[in-house]
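# Coordinate inspection notes
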Amino acid sequence: MATDTRPVRIGFLCTGLNTYWGQFEGLLDHLLSYSGTIVSHIKAQGDVSVRDVGMVDCPEKAVEAAAALKDAGVDLVFLYVATYSLSSTILPVARELSCPVILLNLQPGPAIDYSAINSLSDRGKMTGLWLENCQACAIPEIASVFNRSGIKYDIVTGHLKDESAWKEIASWVEAVKVCRQMRGNRLGLLGHYYCGMLDVYTDLMKVSSVFGTHVEIVEMDELAALRRSATEEEIGDKLDEFRNQFKVSESCSEYELRRAATTSVALDKLVKAHDLCSVAYYYEGYPGGEHENIITSVIAGNTLLTSKGVPVAGEYEVKNALAMKIMSLLGAGGSFSEFYAMDFNDDVILLGHDGPAHPLIADGKVELVPLPVYHGKPGKGLSIQMTVRPGNVTLLSVCEGPEGVFLLAAEGESVTGDVLNIGNTNSRYRFPCGMRSFFEQWCKAGPSHHCAVGVGHQVEIIRRIAFLLGIGVKVVK
C-alpha cells in the first residue's frame, strides 16, 4: 500500500547557557547524560530516525542546528530544556522549522535533594546542582517568545523517572507516525453518494488539504471487469478465507457465498491496482443489472479489507473512511458505525451497521449471515454480525463545520447486554457523562451520522494528531 511506512524523522536538541560551563564543573556532562537518556527513549519507539544536533547554548550554534534539522526534513522537534537557556538561543532554531516544537520540561528526578545540596559548604557547587534541576526556569520565557512569534509548540512536563512523561513523548511520536501515514493515504472512491444524505457530502479538496490524502476515483466498470476475470482457483481460495476468518452461518447459501467471494477477489485486485489504503463506496445500479449484483455482495470482502488495514466505509462516507484509517493506524480498529437505539433502562446507546466491520475488535469470531433485504438499499446478500468486545472504546469522527475540518472524539466503554441479532454489527456503549448527555453533546458538535469505533482510550493521541494537522478537536465528556 502507499501508506508511508518510512521511519518518522524526529529532530532533537538540548539547550542551556554556555556561560555556565566554565563556572560549574561537571554540569555540562551531567546535562548531556540526561539528554542521552531522552534520545534513547525516543529511539526505542521504533521506526524512528532521530537527528540529534546536541547542545545548543549560543546563537551561533542555533544557526547551525536549524540548518541541520532543516536538511534532515524532520517531522517534529523535541527540545530538551536542560537548564536555563536564553530565548535568543532557541528562537533562531524554531523560526526556521516548518514543524512543531515540543518543549521537554524534564527534571532529573521528582524533586531536588534539598538536604544534600544544603549540606555542601561550597555555594558554587550548590548552585551547579540546582542548575541541573532548573528546567522549569526557562520554559515560561521560551513559551512567551513562541506565542508572540506564532511558533507552534507544546510542553511535556515531568522527570526522567516519570512514566507518564515517557508515555507523553511516545504518544507524540505515534501521532507523528499517523500524520505521516495519512499523508500517504490513497483513498479510493467507488460509486456515488447515497442520494439525500446531505451530512455525508464532503469537500474533497478540504480533506485532501488537511490530511494530505490523495483521492482516487475508481470505476464500477473496472470492478465489474475484474470480477468477470476471477478464476475458479481465486474464488476457491477466497471461500477458504471466508471460512477461516468468519463464522459462516449454515443459512448462507453456496450461491451467495460464491457471489460474495467472487466480488471479494475483484475488490482485492482493485485495491492492488490503484494502491489504495482506504475506500469509501456506495452504488445501487439498475435492478437485476451487473452492478447491482456486485454492490449487493461487497460486505464480506470489504470487511476483510478493513481487517487488513484498508478500511472501507459504506454509503460513500469519505470523512468516516478517514476516521477509520486513523483508528486503524493507531491499532485500535475503527469499525463503521451509526447510532441504532437508546436503552434508557441501562443508560447505554447502541451503535452498529450492516457492514463493513473491523473483525480484529470483535467479541469472538465475526459471523457471516444472509440478509433477505438490505434496509434502505437495493437487493439482498450476505452481511456481517458482530459485537465489539467489552472494554474501553473511543468514537472518532472527521467533521466539517463552519470553522473547517475538525475531529470529534469520545471515550466510553463497550458493555455486555442484549443486542439485536439482525445481521448487522451491534454493540452497547456507556459513557461517563451518561447516555443522554453524550448523545446530545455528540450531535450538537455537528458530525455526520457515521463514526469509527475503536478499542482503547485514544483521545490524548487524537488531540496530538489534531494539533499536528493544525485542525480543531472536540471531545465529548
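Going by the structure above, here's the rest.
Before going into details, it helps to say that this report is about the structure given with it. The written sequence of each chain sets the order in which its residues are numbered from 1. Note on the predicted model: pLDDT of at least 70 is required for a residue's local features to be given, and 80 or more for side-chain atom pairs to be given and counted; whole-chain, interface and lining totals, by contrast, use all residues. Based on all heavy atoms of the structure, the side-chain values leave hydrogens and waters out of the count.

Here the focus is the sheet that holds strand β14 (residues 381-385). Any two strands between which DSSP finds at least two bridges are classified as paired. What counts as a helix is a DSSP run of H or I of at least four residues, what counts as a strand is a run of E of at least two, and both are numbered from the N terminus. Strand order in the open sheet formed by 3 strands is β8-β13-β14, with mixed pairing between adjacent strands. Each of the sheet's edge strands pairs with one partner strand only, and the pair in question is β8 (246-248) and β14. Direction aside, neighbouring strands of the sheet carry axes that sit 40° apart on average. Where β8 meets strand β13 (residues 366-371), 3 bridges bridge the pair, whose relative direction is parallel. Counted as the bridge partner of Phe246 is Val366 from β13. Of the strands in this sheet, β8 and β13 are in contact with helix α11 (residues 232-245), which crosses β8 at around 100°. Throughout, an axis means a line fitted to C-alpha atoms (over the contacting stretch in the case of helices), and angles, computed between N-to-C directions, take values from 0 to 180 degrees. Note on definitions: a residue-residue contact is assigned when non-hydrogen atoms from the two residues lie within 4.5 Å.

Ordered in space as β2-β1-β3-β4-β5, the 5 strands form an open sheet in which the pairing is parallel. With one partner strand each, in any of the chains shown, β2 (48-56) and β5 (153-159) form the two edges of the open sheet. Put simply, the sheet's adjacent strands are angled 20° from each other on average, direction ignored. Note that strand β4 (residues 101-107) and β5 share 7 bridges and pair parallel. Residue pairing across strands places Val101 opposite Tyr153, the latter belonging to β5. The sheet strands contacting helix α8 (residues 163-183) are β1 (8-15), β2, β3 (76-81), β4 and β5, and the helix crosses β5 at an angle near 150°.

Before going further, it helps to spend a moment on the pattern of salt bridges. Criterion for a salt bridge: a side-chain nitrogen of Lys or Arg within 4 Å of a carboxyl oxygen of Asp or Glu. Going through the model one piece at a time under the given rule, you end up with 23 salt bridges. Here Lys70 makes a salt bridge to Glu96, at a shortest N to O gap of 3.8 Å. Note that Lys70 is positioned in helix α3 (residues 59-72) and Glu96 in helix α4 (residues 87-96), a separation of 26 residues in sequence. For the salt bridge of Arg183 with Asp75, the shortest nitrogen-to-oxygen distance reads 3.4 Å. Of this pair, Arg183 sits in helix α8 while Asp75 sits in the loop between α3 and β3, and the two are 108 residues apart along the sequence.

Let us now look at helix α9 (residues 204-211). The α-helix advances 3.6 residues per turn, and as a result positions three or four apart in sequence lie on the same side. Whenever two N or O atoms come within 3.5 Å, that pair is a polar contact, provided that in protein one can donate a hydrogen and the other can accept it, and provided that, for residues adjacent in sequence, both atoms are side-chain atoms. If you check the start of α9, you find a side-chain oxygen 3.0 Å away from the backbone N of Met205, and it comes from Asp203. Count one or two residues on from α9 and you reach Gly212, which has phi positive near 75°.

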